[in-house]
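Examining the three-dimensional arrangement
Below are the chains, spelled out letter by letter.
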Amino acid sequence: MALVSVHCYPLPKPSFLTTPHSSVSAGTPPLRRVITRRGTRRSLQRCLCSQYAGEREPPDSPQQLERLFSNLNQATMKHDPGSLTSAIFLVAGTTVGAGILAIPAVTQEAGFLASAVTCISCWLYMVVTGLLVAEVNVNTMCELGSGGVSLVSMAMRTLGTSGVRTACLSYLFIHYALLIAYVARSSDIITNSLGIPLWESATLFSLAFGGICYFGSQRLVGAVNGFLVVGILTSFTSLVVVASGNLQWSSLLEANFAAAPQSIPIIALSFVYQNVVPVLCTNLEGDLSKVRTAIIAGTAIPLALFLVWDGVILGTLPGIAGGSNVSDPLELLRSSNGIVGPIVEAFSFLAIGTSYIGFVLGLSDFLADLLKLPSDKNKPLPYLLTLLPPLVLSQLDPEIFFKALDFAGTYGVLVLFGVFPAAMSWSERYSDKLEAPVPPIVPGGKFTLGVVMGGALFVIVSEIIKDIMHLQGLH
């Protein structure tokens, strides 16, 4: 088969007599500009791919694939379509981070059955919020006429200045806190393995993975993420096989649903990937069908890992499920089985590596947009601002960070990736001042958006009340 050829056809004028299920609907409001990843702006067209080179098919051809714009490789000057497989690996790698190591500790009191229900519910919730971010992101790209649109531009367009300030503070706090955690934990692993000082380990990790993000192409970053995800699956399988030798199946049926809500902030933090959704939308050329597939498939992999991981830990250690007397089940498992230790270290390092790449890409794009830097090529300043603070702060007292990390999981994640996506989508869909060229990809209208915002606010208020009662108890 010959190489794919790319042609852009102007959309016909809107007509309200067409069916909503047609592949190229004339009823879809025409977009305003063609958006090129690294190019100029011009009047809007929708780009359609022909399957065979040199074949210019009419716009109603069923063989054509719809996308919003075309990415151009500046080195080869050829069309550079994003890889759906790489996008799935990016989402999965970003999601599978250090949070998985904390899940057994926060779910032990609830037991596996109750925590499994909570985990699946949080997964569905975070999938919906990610799709809402993608929807608003693509509509913002249509209006602004540029790719690489971050949460700043999305919040400014939909929620105004106050929304931008709140989003910026939450976004920066969450990302820097998690990056500090990743650098600190990875430096511990490297130091234990190589015997070098912590600061050298932290510098080595930051330079290696930060360099991949800055110098690497989309294809290289995708390949590295794919390799790391395969390594995660391999080490995870080995860990499950070794640790499940003493699995007590009856322990998996224990459930304390009253204790399940307290694990929601950490589980929600473990499913954070929304920071790379703007990157996905740009890499996949605004094709929301591909973005939806990448989000659902990319988060389903961590969901399966979380459930199996939690089941093995809670079902292997007798007396841990349903109790709160063990602060760190993973440490108990390490001490009871000498083979588990190196496997856990390998799994932790690979999981941290994938998340680190995703968070660096997301935060650097965010800072570039915040600083109003052009997106035609990589700029060193956003990457320096992304990599240096976590490198420095990870060498300070870790107790301060872990307290901040708990606060970030409780409030920051549920605000930024819970309330905000629904609020932005509500403003975009139901405001007379905004246009939404792309039809909604999350069904349910105001009811769904209300449930998303209400659920996050309920958990946040509950945690605030609990913290206040805890502080009163101390005095």
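See the structure printed just above.
We now turn to the structure provided with this report. Per chain, residue numbering runs from 1 following the sequence as it is written. Local features in this predicted model are restricted to residues whose pLDDT is 70 or higher, and side-chain atom pairs enter the listing and the counts only when it is 80 or higher, whereas totals over whole chains, interfaces and linings include all residues. Side-chain numbers here rest on the full set of heavy atoms in the structure, without hydrogens or water.

**Quick notes on the overall build of the chain**
In plain terms, the rule: Strands here are runs of E lasting at least two residues and helices are runs of H or I lasting at least four, both read from the DSSP assignment and numbered beginning at the N terminus. Relative accessibility under 20% of the residue-type maximum defines a buried residue, over 50% an exposed one, and the middle range a partly exposed one, all with a 1.4 Å probe and only protein chains included. Whether two residues touch is decided by their heavy atoms; if any such pair falls within 4.5 Å, the residues are in contact. Surface accessibility follows the Shrake-Rupley procedure with a 1.4 Å probe radius. Residue values consider only the protein chains on display as shielding.
If you tally the helices and strands in the chain, you get 14 helices and seven strands. Taking all 475 residues of the chain together, the buried fraction comes to 53%. Put simply, of all contacts in the chain between residues at least 6 apart along the chain, 78% involve residues at least 24 apart. Surface summary for the chain: the accessible area is close to 21,100 Å², and the carbon and sulfur share equals 66%.

**Things to note about the packing of helix H3 (residues 112-144) against helix H9 (residues 288-316)**
Rule in force here: Axis angles are defined between N-to-C directions and span 0 to 180 degrees, where every axis is a line fitted to C-alpha atoms and, for a helix, only to the segment in contact. Each angle is binned into one of four classes, with values under 35 degrees roughly parallel, values over 145 roughly antiparallel, values of 65 to 115 roughly perpendicular, and all other values oblique. Left-handed is the label given to a crossing in which the near helix is rotated counterclockwise from the far helix by less than a right angle, and right-handed is the label when the rotation is clockwise. Note on residue categories: nonpolar means Ala, Val, Leu, Ile, Met, Phe, Trp, Tyr, Cys or Pro, charged means Asp, Glu, Lys or Arg, and polar means any other residue, Gly included.
Two elements in contact, H3 and H9, have axes separated by 10 Å at closest approach and are oriented at 160°. The angle between the axes of H3 and H9 places the two elements in the roughly antiparallel class. Classified by chirality, the crossing of H9 by H3 is right-handed. When its residues are assigned to classes, the contact of H3 with H9 shows 18 nonpolar, four polar and three charged.

**Regarding the nonpolar core**
Put simply, the test is: Among buried residues, the Ala, Val, Leu, Ile, Met, Phe, Trp, Tyr and Cys ones that are joined through side-chain atoms within 4.5 Å form a nonpolar core.
Of all hydrophobic cores here, the largest spans 114 residues; its most connected members are Phe271, Ile295 and Tyr356. For Phe271, the contacting residues outside a window of four places in its chain are Thr95, Cys119, Cys122, Trp123, Met126, Thr299, Leu303 and Phe306.

**Description of the packing of aromatic side chains**
The geometry of an aromatic ring pair is captured by the separation of the ring centres together with the interplanar angle, meaning the angle of the planes. Threshold: Two aromatic rings from Phe, Tyr or Trp, using only the six-membered ring of Trp, form a pair when their centres are within 6.5 Å; if the ring planes differ by under 30 degrees the pair is stacked, by over 60 it is edge-to-face, and anything between is tilted. Whether a charge lies above a ring is judged from NZ of Lys or CZ of Arg, which has to be within 6 Å of the ring centre and within 35 degrees of the ring normal.
According to the stated counting rule, one finds 13 aromatic pairs in the structure shown. When the centroid spacing of 4.7 Å and the interplanar angle of 85° are considered together, the rings of Tyr214 and Phe215 count as edge-to-face. Exposure remark for Phe215: the relative accessible area of 69% places this residue in the exposed category. What links up through ring pairs into an aromatic cluster is the set Phe205, Phe209, Phe349 and Tyr356. Its guanidinium or amino end placed over the ring of Tyr430, Lys446 lies 4.9 Å from that ring's centre, counting from NZ or CZ.

**Overview of the environment of Leu169**
As for its position among the elements, Leu169 is in helix H4 (residues 151-194). In the structure, Leu169 is positioned 243 residues away from Gly412 in sequence and 9.0 Å away in space, judged by C-alpha atoms.

**Overview of helix H11 (residues 340-370)**
The test is simple: Here, expected helix span is obtained from the residue count minus one, scaled by 1.5 Å.
Between its first and last C-alpha, H11 extends 44 Å over 31 residues, near the 45 Å set by a 1.5 Å rise per residue. Burial analysis of H11 places 26 of its 31 residues in the buried class, which makes it a mostly covered element.

**A short note on the side chain of Thr94**
Note the threshold: The definition of a polar contact used here is a pair of N or O atoms within 3.5 Å, where within protein one atom must be able to donate a hydrogen and the other to accept one, and adjacent residues in sequence count solely through side-chain atom pairs.
Along the chain, Thr94 falls in helix H1 (residues 84-95). Within the structure, the side chain of Thr94 is placed 2.7 Å from the backbone oxygen of Leu90, a separation counted as a polar contact. Beyond its immediate sequence surroundings of up to four residues, Thr94 is in contact with Val272, Tyr273, Asn275, Val276, Thr354, Ser355, Gly358 and Phe359.

**Notes on the environment of Ala456**
With respect to the helices and strands, Ala456 occurs in helix H14 (residues 445-474). Here Ala456 falls in the buried class, since its relative accessible area comes to 1%. As a C-alpha pair, Ala456 and Val415 span 41 residues in sequence and 7.1 Å in three-dimensional space.

**A short note on the side chain of Glu428**
Position of Glu428 among the secondary structure elements: in helix H13 (residues 398-430). Of note is the side chain of Glu428, whose polar atom sits 2.5 Å from the side chain of Arg157. Once residues within four sequence positions are removed from consideration, Glu428 is found in contact with Glu135, Val136, Asn139, Arg157, Thr158, Leu434 and Ala436.

**Focus: the packing of H1 against helix H6 (residues 218-243)**
Two numbers describe how H1 lies on H6: the axes approach to 9 Å, and their chain directions differ by 55°. Between H1 and H6, the angle falls in the class oblique. As for the relative orientation of H1 and H6, their crossing is left-handed in sense. Residue-level inspection shows Ser86, Phe89, Leu90 and Gly93 of H1 in contact with H6, the latter providing Gly222, Asn225, Gly226 and Val229. In the contact of H1 with H6, the residues fall into three nonpolar, five polar and no charged.

**Here's the deal with empty space enclosed by the protein**
We count it as follows: Both site types are read off a 1 Å grid over the protein atoms alone. A 1.4 Å probe that fits but cannot get out defines a cavity, while an open set with protein on both sides within 12 Å along at least five of seven lines defines a pocket; lining residues have an atom within 4 Å of a point. Grid points are joined across faces, edges and corners, and a volume is the space filled by probe spheres set on the points.
For the coordinates displayed, the defined rule picks out six cavities of 30 Å³ or more. The space that makes up the largest cavity amounts to roughly 110 Å³. Lining the largest cavity are 14 residues, and of these Ser150, Leu151, Tyr171, Asn275 and Pro278 sit closest to its centre. Put simply, the parts of the chain that give the lining of the largest cavity at least two residues each are H4, helix H8 (277-283) and H11. Counting residues per element, the lining of the largest cavity draws most heavily on H11, at three residues. Residues belonging to the lining of the largest cavity are distributed by class as follows: eight nonpolar, five polar and one charged.

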